[in-house]
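# Structural characterization, general
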Amino acid sequence: LRPYTEFSDDFAVTEEVEKYVAEHPEQFPLAEGETVDELQLQPFDRDAFISAPGAMSDRLTGFDAYILSASTANAYGHRLTMFVVEEISLDYDLIYLVDWDGELRNSGWARFTGLPVSPLTLKYSNGNNIVTAVFYGSAVEYRD
């Protein structure tokens, strides 16, 4: 896996996210193993979200991905849980779940549910950058 050297400073919680969380507190975070009604979820379009931050931040999104590693860090005044995942349609991606405090697994398939908060640029030690999506995490449902 490619280690990153630092967070960039482009992370911000959007007003759409703050409003949604305030209006739906029962969904953040869900108890372990719980999920929201699939009819409430929108599919996550990574490219569309990164090109128009905030456009998808007022409705829960859900997607399946394979976890390659996981860790936590305190940054930007939040606890960030970082999952390095491999999606079917992408190579490697990095998913952050803000203030989610569930079980942490380092491998396996999972269903991620949350609000797209903000794109975040990560800088790697080899000089490459990757733009990924930060989520305000609702739930991670592991598939055994």
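Note that the structure is a prediction, hence the values are computed from the model and not measured.

Before going further, it helps to spend a moment on the overall build of the protein chain. Helix and strand counts for the protein chain come out as two helices and seven strands. Along the protein chain, helices and strands appear, N-terminal first, in the series β-α-β-α-β-β-β-β-β. In the protein chain, which comprises 144 residues, the proportion classed as buried is 47%. Taking the intrachain contacts of the protein chain between residues at least 6 apart in sequence as the baseline, contacts between residues at least 24 apart amount to 64%.

Listed as buried for helix H1 (residues 15-23) are Val-17, Tyr-20 and Val-21. The arc enclosing the buried residues of H1, seen along the axis, measures out at 95 degrees, which places them on a common side. Turned more than 90 degrees from where H1 packs its buried face, Glu-15, Lys-19 and Ala-22 sit exposed. Looking at the buried side of H1, the elements it contacts are strand S6 (108-124) and strand S7 (129-142).

For the structure shown, the criterion picks out four salt bridges. In this structure, the salt-bridge partner of Asp-64 is Arg-111, at a minimum N-O distance of 3.5 Å. With Asp-64 in strand S3 (residues 61-75) and Arg-111 in strand S6, this pair connects stretches of sequence that are 47 residues apart. The shortest N-O distance in the salt bridge between Asp-64 and Arg-143 comes to 3.0 Å. With Asp-64 in strand S3 and Arg-143 in the segment after S7, this pair connects stretches of sequence that are 79 residues apart. The partly exposed category is assigned to Asp-64, whose relative accessible area is 33%. Accessibility expressed as a relative area gives 44% for Arg-143, which makes it partly exposed. Salt bridges sharing partners connect three or more residues here, namely Asp-64, Arg-111 and Arg-143.

Bringing the packing of aromatic side chains into the picture now. All chains considered together, the criterion is met by seven aromatic pairs. Ring plane angle 55 degrees and centroid distance 6.1 Å describe the contact between Phe-44 and Phe-49, whose orientation is recorded as tilted. Both residues of the pair, Phe-44 and Phe-49, count as buried. Ring geometry for Phe-44 versus Phe-135: centroids 5.0 Å apart, planes at 65 degrees, classification edge-to-face. Here Phe-44, found in the loop between strand S2 (42-43) and helix H2 (46-51), pairs with Phe-135, found in strand S7; they are 91 residues apart in sequence, far enough to count as distant. Assigned by exposure class, Phe-44 and Phe-135 land together as buried. One aromatic cluster is present, formed by Phe-44, Phe-49, Phe-63, Phe-83, Phe-112 and Phe-135 through successive ring pairs.

Before going further, it helps to examine the confidence of the model for the protein chain. Averaged over all residues, the pLDDT of the protein chain equals 77, while 81% of them reach at least 70. Strand S1 (residues 4-7) is the least confidently modelled element of the protein chain, averaging 51 in pLDDT, while S2 averages 86, the highest of any element.

What follows deals with a negative patch on the surface. A cluster of like negative charges, contributed by Glu-15, Glu-16, Glu-18 and Asp-58, occupies part of the molecular surface. Within the fold, Asp-58 resides in the loop between H2 and S3. The class for Asp-58 is partly exposed, based on a relative accessible area of 48%.

Rules of the game
Residues numbered from 1 in each chain as written. Predicted model: local features only at pLDDT ≥ 70, side-chain atom pairs only at ≥ 80, totals over all residues. Heavy atoms only, no water. Helix = DSSP H or I, 4+ residues; strand = E, 2+ residues; numbered from the N terminus. Buried < 20%, exposed > 50% of the residue type's maximum accessible area, 1.4 Å probe, protein only. Contact = heavy atoms within 4.5 Å. Arc of directions from axis to C-beta. Salt bridge = Lys/Arg side-chain N within 4 Å of Asp/Glu carboxyl O. Phe/Tyr/Trp six-rings, centres within 6.5 Å; stacked < 30°, edge-to-face > 60°. pLDDT = per-residue confidence, 0-100. Patch = residues over 30% accessible without salt bridge, like charges linked within 9 Å, V, L, I, M, F, W, Y side chains within 5 Å. Areas by Shrake-Rupley, 256 points an atom, 1.4 Å probe, with all protein chains shown as cover. Lys, Arg positive; Asp, Glu negative; His and termini not counted. Charge placed at Lys NZ, Arg CZ, Asp CG, Glu CD.

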